[in-house]
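Spelled out, the chains give:
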2 protein chains.
Amino acid sequence: MRRYLPELVLILQRPRRCCSSAPQNLGQVEPLLQFCVDSYYISPGQTNMELFQHGLSCSYGPLGMGLRRNLLDQWWRSLTTSSDQVFGIKTLNCSQNPPLGGAGPLGMVDLDNVAQILGRKELSREELIQQVQELLQRSPFMRTSFFQGALDQFEPSLALVNRRLPFGLAETGLCFQPPGSSGCPGEATLTSLVWFCSPRTSGQWLDHWTRQRLKWWRNFALSPSNFSSREVPEEETEAPVSRGLSIFYRFPWGQKPIETLSLRGNAELLHVHKGSKVQGRDGRKTVPHVVTVTGKVDLGMMAFLSDSLQQLSKVGNSKHGLQQRKVLKLHPALAPVKVALELGRGATAELRQLCEGLMQELKEAGVCVWPGHLKTQAASLEQMMAKYDEMGVLFTVVVSDGTLENGLLQVRSRDTTIKETVHVSETTSYICRHISAAHSL
Amino acid sequence: MRRYLPELVLILQRPRRCCSSAPQNLGQVEPLLQFCVDSYYISPGQTNMELFQHGLSCSYGPLGMGLRRNLLDQWWRSLTTSSDQVFGIKTLNCSQNPPLGGAGPLGMVDLDNVAQILGRKELSREELIQQVQELLQRSPFMRTSFFQGALDQFEPSLALVNRRLPFGLAETGLCFQPPGSSGCPGEATLTSLVWFCSPRTSGQWLDHWTRQRLKWWRNFALSPSNFSSREVPEEETEAPVSRGLSIFYRFPWGQKPIETLSLRGNAELLHVHKGSKVQGRDGRKTVPHVVTVTGKVDLGMMAFLSDSLQQLSKVGNSKHGLQQRKVLKLHPALAPVKVALELGRGATAELRQLCEGLMQELKEAGVCVWPGHLKTQAASLEQMMAKYDEMGVLFTVVVSDGTLENGLLQVRSRDTTIKETVHVSETTSYICRHISAAHSL
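The rules we used
- Residues numbered from 1 in each chain as written.
- Chains lettered and ligands numbered in written order.
- Predicted model: local features only at pLDDT ≥ 70, side-chain atom pairs only at ≥ 80, totals over all residues.
- Heavy atoms only, no water.
- Helix = DSSP H or I, 4+ residues; strand = E, 2+ residues; numbered from the N terminus.
- Buried < 20%, exposed > 50% of the residue type's maximum accessible area, 1.4 Å probe, protein only.
- Contact = heavy atoms within 4.5 Å.
- Areas by Shrake-Rupley, 256 points an atom, 1.4 Å probe, with all protein chains shown as cover.
- Least-squares fit on C-alpha atoms with pLDDT ≥ 70 in both.
- Expected span 1.5 Å × (residues − 1).
- Buried area = accessible area lost by both parts, 1.4 Å probe.
- Salt bridge = Lys/Arg side-chain N within 4 Å of Asp/Glu carboxyl O.
- Polar contact = N/O pair within 3.5 Å; in protein donor to acceptor, adjacent residues only side chain to side chain.
- Nonpolar A, V, L, I, M, F, W, Y, C, P; charged D, E, K, R; others polar.
- Pairing = 2+ DSSP bridges.
- Domains from an automatic or database assignment.
- Axes fitted to C-alpha atoms, helices over the stretch in contact; angles between N-to-C directions.
- Phe/Tyr/Trp six-rings, centres within 6.5 Å; stacked < 30°, edge-to-face > 60°.

When you go through chain A residue by residue, the secondary structure sums to 14 helices and 20 strands. The burial tally for chain A puts 55% of its 441 residues in the buried class. Contacts in chain A between residues far apart in sequence, at least 24 positions, make up 66% of those at least 6 positions apart. Accessible surface computed for chain A: about 19200 Å², of which carbon and sulfur atoms make up 51%.

Below, the structure written as structure tokens:
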């Protein structure tokens, strides 16, 4: 769980319903989406914003790409540092086999070829139909989940572990979604763990993975209680799933499932490996049951953006009464940019050079840096800090003419707004220390 | 460049043509592919091996997935630690716009919908054609490169850098390949940098990036000279590309281009952003030219597998004359598994427990561990070492009853075959030190 130093500000984590007329109500989906565009998380455009709103992959800006990368890294890390035996795999997007348990199958079709057939005047109606059908039959299917790929990989993996159960196959990446109400197929980034275990332990494993996954989501949240798990009601569970659980995030506009866990028995495994030896060992020989754990990364990104966006109101000290600022308090492990460099007063050319050196040092230490010192437009330091807070940048480093004299610069923290004076030679280690401390909270 | 300690073995990096009749001739493509299957880099199956052979994405096993991951990480690291300004983006696989400069466009089609139309008996030939055409027109196109996505992202990115040139947009992931001779569309993992710079510097940037990329490939190679760059002959350069360079890897069965760099002018950029302000600043205002740098990750993986696979022949000490062993000397940064744990003589249960603790410690330090201590089949330590050498595992840690008494275990290096005695409490730091030293070679 995360802790933050107390702030001398009044925290209104989410504006109340009564002020929903204000354009800044970040508890509604449209202002949040616009905020994501403005702070470089998603690319502009109405269609793009709608994709993200529906929990699908959209075109991400540099910060969104960084957040997605960090989220996938943390997911991978959580699986590979656990004591459970998990192997990563990478299977194909397209396959000659139709997807399992499939909604309408999506095919990848050579459009020129279809157009050619449709244009051939000498073909009769029946010949035309036959030729198009033949072409479509040769077209590969797009995957809609990682499940089929993992089942295909079961046999070599079983050999790898000397038939020892339990073990899991993990994969992340894109899956394609059959056209929904919009009529257009979409794409989604998913995380998938397919877990093979003995039938008598499968229920326990389902609970184990639900606890693990819920803990993982909550670990990165400002308000962990907005993440919760719930059994899927029996009447909504479709065979071959015998029991299901979902992890929900409570968006201000409603609950959405961000991860689903299912107990699927072994019927599909036996179907895919007809006639082969699929028995594993867990004490005694047994055909394993399958537990699937499937997370929605795009929706998870929106959950963390919504969770970490705070509207802070400073009381007093301003002619206009309440002064508002937005801060994106993403967990330090998820924040895509850790440090922004800025110029204070002083000789611009020399200070830029100093920043270049510092930037290189930070980059080599694996710290993602925002080159604020390169900007050419005039903006006050105050304005820039506000901008970096909206981007979720953890630290802003300000160099000024004093730095050229005595080597001292200022490091300002997003979460505490406190400015500390640090020597230029110690800046990288200062920042790395703070980031890794936050990681292990 | 990499250095290895001398070995008391006769290194035959690649068997000569004269012994090509031997099934072990790893200088030929089929034995190399079979080796990749046997050592868990790619999944079994003739079709899968053929995909990999053609430089396309295939279904990767756990080690292949690790190698792919490490390669993509290193690519990303090389861009983000350079002093050049590069932003990562993530664009969509599917788009309503046909791919630029396109070979036959691939569409993602709802197959059930087409089948429904084809099955409607009341439709005349013309109505049928019209309905299928309308459906296909609504179907999104699959991307064949990252170029279009980067051009689309140019405008918000230009705002991000305050119109300051040069800068680049980087993306990695899957692209789809139009059907080739096989008649079936394929998928490939690509790395893409699209670099925007002033027209007068674009030629220099093309050379800069060619040098950088060649250096990058060579950095991970045992035989750097097998990587080379070459100008694309003018007669093979198609407009709008005005100059092109390729980086080749010399496979034993022939040269293959693994990365392509092109100078593309600004016609496509202007076409995509018709009427918008696309001028940047580099001293003066200018419409940037575009340099594209596109690498083939799947083929790159095969290049490094081919480069690092050595057949070593030990002279003497064996009844059968020459003893051969295969070692996959992947660069430490690329090797997917860094450490394997093994049991020597001693009480199995206690030693397993010791290994569990050690494994957890190594995993938490971010070291990828192979749990050899869990295997249930009888195999000699010698056999296991040979197996780990084929998998490219950097270190094998052997615990035995001595370890339970005095805490000492043996760490055996893949590259030197030397066994060192290390205390169990220092094993993780010993291994981390060696890996990071190798990283910085």
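Anyway, onward from the coordinates.
The next thing to look at is the relation of the copies chain A and chain B. Structural alignment of chain A on chain B gives an RMSD of 0.0 Å, achieved by rotating through 180° and translating 0.0 Å along the axis. Expressed as an axis order, the relation between the two copies is that of a two-fold axis. Most of the interface of chain A is mirrored in chain B: 100% of its interface residues are interface residues there too.

The end-to-end C-alpha distance of helix α3 (residues 62-80) of chain B, which contains 19 residues, comes to 27 Å, matching closely the 27 Å that a straight helix rising 1.5 Å per residue would cover. Extensive coverage of α3(B) is indicated by the burial of 14 of its 19 residues.

Locating A:Leu67 in the fold gives a position in helix α3 (residues 62-80). Sequence separation between A:Leu67 and A:Ala335 is 268 residues, and the spatial gap between their C-alpha atoms is 6.3 Å.

Glancing now at helix α10 (residues 297-308) of chain B. Under the 1.5 Å per step criterion, the end-to-end length of α10(B) is 16 Å for 12 residues, consistent within 8% with the ideal 16 Å. All of the buried residues in α10(B) are B:Val297, B:Asp298, B:Leu299, B:Gly300, B:Met301, B:Met302, B:Ala303, B:Phe304, B:Leu305, B:Ser306, B:Asp307 and B:Ser308.

What follows covers the interface of chain A and chain B. At the junction of the two partners, chain A supplies 78 residues and chain B supplies 78 residues. Taken as a group, A:Lys90, A:Leu111 and A:Arg125 account for 10% of the area that chain A buries against chain B, more than any other trio of residues on that side. Across the chain A-chain B interface, the total number found is 2 salt bridges. Where A:Arg69 meets B:Asp73, a salt bridge forms, and the shortest distance between an N and an O atom there is 3.3 Å. Our enumeration of links across chain A and chain B arrives at 24 residue pairs in polar contact (both at pLDDT 80 or more). By residue number, the principal contributor to the side of chain A that touches chain B is α3(A), which donates 8 residues. Residue classes in the side of chain A that touches chain B are distributed as 37 nonpolar, 23 polar and 18 charged. Across 5 bridges, the pairing between strand β4 (residues 106-110) of chain A and strand β4 (residues 106-110) of chain B is antiparallel. By the bridge assignment for β4(B), A:Met108 is matched with B:Met108.

Residues and elements named next belong to chain A. In terms of domain boundaries, chain A breaks down into domain 1 (32-95 + 144-305) and domain 2 (337-439). For domain 1 and domain 2, the distance between their C-alpha centroids amounts to 37 Å. Facing the 8 residues of domain 1 at the interface are 7 residues of domain 2. Carbon and sulfur atoms supply 62% of the area that domain 1 and domain 2 bury against each other, a total of about 560 Å² over both sides. Area buried by domain 1 at its contact with domain 2 is led by Phe 35, Tyr 40 and Leu 63, which between them contribute 57% of it.

Here we come to the sheet that holds strand β17 (residues 369-370) of chain A. Residues and elements named next belong to chain A. With mixed pairing, 5 strands are arranged side by side in an open sheet as β17-β16-β18-β19-β20. Strands at the two margins of the open sheet, each flanked by one partner only, are β17 and β20 (419-423). Helix α11 (residues 348-364) rests against β16 (339-343), β17, β18 (395-399) and β19 (408-413) of the sheet, and its axis sits at about 170° to β16. Here helix α12 (residues 381-391) sits on the sheet and contacts β16, β17, β18, β19 and β20; the angle it forms with β16, its principal contact strand, is near 170°.

Residues and elements named next belong to chain B. Enumeration according to the criterion identifies 37 aromatic pairs over all chains in this entry. Taken together, a centroid distance of 6.0 Å and an interplanar angle of 20° make the contact between Tyr 40 and Trp 370 stacked. Of the two residues, Tyr 40 is situated in the loop between α1 (29-38) and α2 (46-53) and Trp 370 in strand β17 (residues 369-370); the sequence distance between them amounts to 330 residues. On the basis of relative accessibility, which here comes to 11%, the residue Trp 370 falls in the buried class.

All names here are of chain B. With respect to the helices, strands and loops of the structure, Ala 239 is situated in the loop between β8 (227-231) and β9 (243-251). Overall, the relative accessible area of 73% leaves Ala 239 in the exposed class. Spatially, the C-alpha atom of Ala 239 lies 17 Å from that of Ser 145, the residues being 94 residues apart in sequence.

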